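So you can see what is in the structure, the chains are spelled out below.
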Amino acid sequence: AQTLEEFVMIKSYIGDKGLEHLSRGFQLLHKLKKLNISDMQCTDQSGSRLNFIFHHLPLLTSLNLSENHIAYSGLLAIASGLQQCKHIESVDIPDIGLEKEDEGHPALAVFLSALPRLEELILGWNHIGEKGLKMLIPVLQKCDQLQFF
């Protein structure tokens, strides 16, 4: 398990409690490069647990959290953990519960600013609105390698 480079767990529906139990195993996966934990029915309550996970994944290059309703508060909670992941190039976060057009955009900006090597970002099915987009543009401009948004 210590040499595992890709972890995929799609539609497992384990929720926040299941992620809490699963997170202990990530302490051993220091070589993990790709993490896809989409549609597990996690909420913003999983933010601190995801932060913990990311602190143990320094080689992570690809992250998919899609269809987990972690919302803005969850993004803010995991931002500091992502700063440990210096190699993230691809982030897939469509439909993660970014519903409130005028609230939380700073959290999304903090989340993205932790990803300077970002090449690909998928935000579909989130409601960031025009105000959110205006706030994101300066952050995304700092991602010199961003090719797909």
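Residues numbered from 1 in each chain as written. Predicted model: local features only at pLDDT ≥ 70, side-chain atom pairs only at ≥ 80, totals over all residues. Heavy atoms only, no water.

Caption draft 1: Here's a closer look at the environment of Leu82. Tracing the backbone shows Leu82 in helix α3 (residues 71–82). Placed 62 residues apart in sequence, Leu82 and Asp144 show a C-alpha to C-alpha distance of 18 Å. Among all residues touching Leu82, those that are not within four sequence positions of it are Phe54, Leu63, Ile88, Phe111, Ala114 and Leu115. (Helix = DSSP H or I, 4+ residues; strand = E, 2+ residues; numbered from the N terminus. Contact = heavy atoms within 4.5 Å.)

Caption draft 2: How the structure looks around the nonpolar core. Counting residues in each nonpolar core, the largest one holds 42 residues, and the members touching the most others are Leu35, Phe54, Leu108, Phe111 and Leu112. In terms of residues, this core owes the most to one element, helix α4 (residues 105–113), which gives five residues. (Core = buried A, V, L, I, M, F, W, Y, C linked by side-chain atoms within 4.5 Å. Buried < 20%, exposed > 50% of the residue type's maximum accessible area, 1.4 Å probe, protein only.)

Caption draft 3: Spatial organisation of the packing of aromatic side chains. Going through the model one piece at a time under the given rule, you end up with one aromatic pair. Ring geometry for Phe7 against Phe26: centres 5.2 Å apart, planes inclined by 70°, an arrangement best described as edge-to-face. Highlighted residues: Phe7 in strand β1 (residues 6–8) and Phe26 in the loop between α1 (15–23) and β2 (34–36), separated in sequence by 19 residues. By relative accessible area, which is 16% here, Phe7 ends up buried. In this structure, Arg49 is placed above the aromatic ring of Phe52, and the distance from its NZ or CZ to the ring centre is 5.1 Å. (Phe/Tyr/Trp six-rings, centres within 6.5 Å; stacked < 30°, edge-to-face > 60°. Lys NZ or Arg CZ within 6 Å of the ring centre and 35° of its normal.)

Caption draft 4: Broad picture of the sheet that holds strand β3 (residues 62–64). The sheet built from five strands is open, its strands ordered β1-β2-β3-β4-β5 with parallel pairing. Of all the strands in the sheet, just β1 and β5 (120–122) have a single pairing partner and so form its edges. Averaged over all adjacent pairs, the angle separating strand axes in this sheet is 5°, with direction ignored. Where β1 and β2 come together, three bridges link them in parallel fashion. The partner of Phe7 across the bridge, within β2, is Leu35. (Pairing = 2+ DSSP bridges. Axes fitted to C-alpha atoms, helices over the stretch in contact; angles between N-to-C directions.)

Caption draft 5: Broad picture of the side chain of Asn51. Relative to the assigned elements, Asn51 resides in helix α2 (residues 47–54). At a separation of 2.9 Å, a polar atom in the side chain of Asn51 contacts the main-chain amide nitrogen of Gly81. (Polar contact = N/O pair within 3.5 Å; in protein donor to acceptor, adjacent residues only side chain to side chain.)

Caption draft 6: Structural view of unusual backbone geometry. Unlike most non-glycine residues, Gln41 shows phi in positive territory, near 65°. Relative to the assigned elements, Gln41 resides in the loop between β2 and α2. According to the relative accessible area criterion, Gln41 is partly exposed, its value standing at 48%. Positive phi values are uncommon outside glycine, yet Trp125 reaches one of about 60°. In this structure, Trp125 sits in the loop between β5 and α5 (129–141).

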